[in-house]
Structures are given as structure tokens and as C-alpha cells.
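Examination of the molecular architecture
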Amino acid sequence: APREIDEVLLQHPAVLEAAVVASPDRLRGFVPKAFIVAKPDNPVSLAEIQSFVKDRLSMNQYPRKVEFVTEIPKTSLGKIDRRRLRAAEVETASLQA
């Protein structure tokens, strides 16, 4: 479940916010993709995130894609807007096809 992956990512000391959605993938159909907002005073690399989650998540939960962003879209209630993130992923995948 995306929420479970979010919680693992949020345990990393450099992660301020995280959201995971299903991203289209040619080989697997869909794979987890993490959107991460890093803390401004604590930069983090892709390699650090990958190493951190590999020890804490199963292989099917492991985010195959990670994108660092400045903010994660929220609904009017302040919750993560996963629909908007998924829609952007599907649009990006269709442009690359």
C-alpha cells in the first residue's frame, strides 16, 4: 500500500514529505514511484533513499522510481492529492510512448 511506503520514507531523517503512487512501467505494468520533498538543511541523494528503503521494504514495495520535488500537491483538506500525482504520471508515460 502506498501509505506504508510513505511511512518508511518519512523515517529517513532528510525526508520532509513523501508520497508514493503507481507509475506505468513497460515491463511490470505499474511500479511504485516516490515523490520526495527533502528537508532544506539536510540534502539527500537518490542512492541514500534507495539504500534506506531496500532494508525496510519488500521487493514489490520498493520504489523503482524516485523524484525529488519542491512540494507535493494537496487537496483542499490538506491531504496528499494522489489522484493529481497519478494523472501526471500517466500523462508523462503517454508522452514517452
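Whatever comes next refers back to the structure up there.
Remember, it's a predicted structure, so these values are computed and weren't measured experimentally.

What counts, and at which threshold
- Residues numbered from 1 in each chain as written.
- Predicted model: local features only at pLDDT ≥ 70, side-chain atom pairs only at ≥ 80, totals over all residues.
- Heavy atoms only, no water.
- Pairing = 2+ DSSP bridges.
- Helix = DSSP H or I, 4+ residues; strand = E, 2+ residues; numbered from the N terminus.
- Axes fitted to C-alpha atoms, helices over the stretch in contact; angles between N-to-C directions.
- Contact = heavy atoms within 4.5 Å.
- Buried < 20%, exposed > 50% of the residue type's maximum accessible area, 1.4 Å probe, protein only.
- Arc of directions from axis to C-beta.
- Right-handed = clockwise from strand over helix to strand, strands pointing away.
- Polar contact = N/O pair within 3.5 Å; in protein donor to acceptor, adjacent residues only side chain to side chain.
- Core = buried A, V, L, I, M, F, W, Y, C linked by side-chain atoms within 4.5 Å.
- 1 Å grid on protein atoms, 1.4 Å probe; cavity = no way out; pocket = protein on both sides within 12 Å on 5 of 7 lines; lining within 4 Å.
- Points joined across faces, edges and corners; volume = space filled by probe spheres on them.

What to know about the sheet that holds strand β2 (residues 29-38)
In space, the 3 strands of this open sheet follow the order β1-β2-β3, with mixed pairing throughout. Single-partner strands in this sheet number two, and they are β1 (15-25) and β3 (65-68). Taking the axes of each pair of neighbouring strands and ignoring which way they run, one obtains an average angle of 25° across the sheet. Judged from the 4 bridges that link them, β2 and β3 form a sheet pairing that is parallel. If you follow Ala34 over to β3, its bridge partner there is Val66. Helix-sheet contacts for helix α1 (residues 2-10) involve β1 and β2, and the interaxial angle to β1 is about 140°.

Quick word on α1
The periodicity of an α-helix, 3.6 residues per turn, causes residues three or four places apart in sequence to face the same way. Here α1 has its buried residues at Ile5, Asp6, Val8 and Leu9. Looking straight down α1, one finds its buried side chains confined to an arc of 165°; they lie on one side.

Concerning the pairing of β2
Within β2, 7 of the 10 residues are buried, which leaves it mostly tucked inside the rest of the structure. Linking two consecutive strands that pair antiparallel, namely β1 and β2, is a turn of 3 residues. Handedness of the crossover joining β2 and β3 through helix α2 (residues 46-54): right-handed.

Brief notes about the side chain of Arg82
As for its placement among the helices and strands, Arg82 is situated in helix α3 (residues 82-96). For Arg82, the side chain forms a polar contact with the side chain of Asp6, separated by 2.3 Å.

Here's the deal with the nonpolar core
Of all hydrophobic cores here, the largest spans 16 residues; its most connected members are Leu9, Ala34, Ile36, Ile49 and Val53. Among the elements of the structure, α1, β1, β2 and α2 are those that each provide at least two residues to this core. Look past the residues within four positions of Leu9 in its chain and what remains in contact with it is Val15, Ala18, Val20, Ala34, Ile36, Ile49 and Val53. Among the nonpolar cores identified, the runner-up in size contains 6 residues, and Ala19, Val21, Phe35 and Leu85 belong to it.

A closer look at α2
Regarding α2, the residues found buried are Ile49, Phe52 and Val53. Projection of α2 onto a plane perpendicular to its axis shows the buried side chains occupying an angular sector of 90°, all on one side. Looking at α2, the residues exposed on the side facing more than 90 degrees away from the buried face are Ala47 and Lys54.

Here's the deal with the side chain of Glu89
Structurally, the position occupied by Glu89 is in helix α3. The residues contacting Glu89, other than those within four sequence positions of it, are Val21, Ala22, Ser23, Pro24, Lys33, Phe35 and Glu67.

Overview of the layout of surface pockets
Each pocket or cavity is described by its volume, and for the largest pocket that value is around 190 Å³. Lining the largest pocket are 10 residues, and of these Pro24, Asp25, Lys65, Ala93 and Gln96 sit closest to its centre. Of all the secondary-structure elements, those providing two or more residues to the lining of the largest pocket are β1 and α3. It is α3 that contributes the most residues to the lining of the largest pocket, 4 residues altogether.

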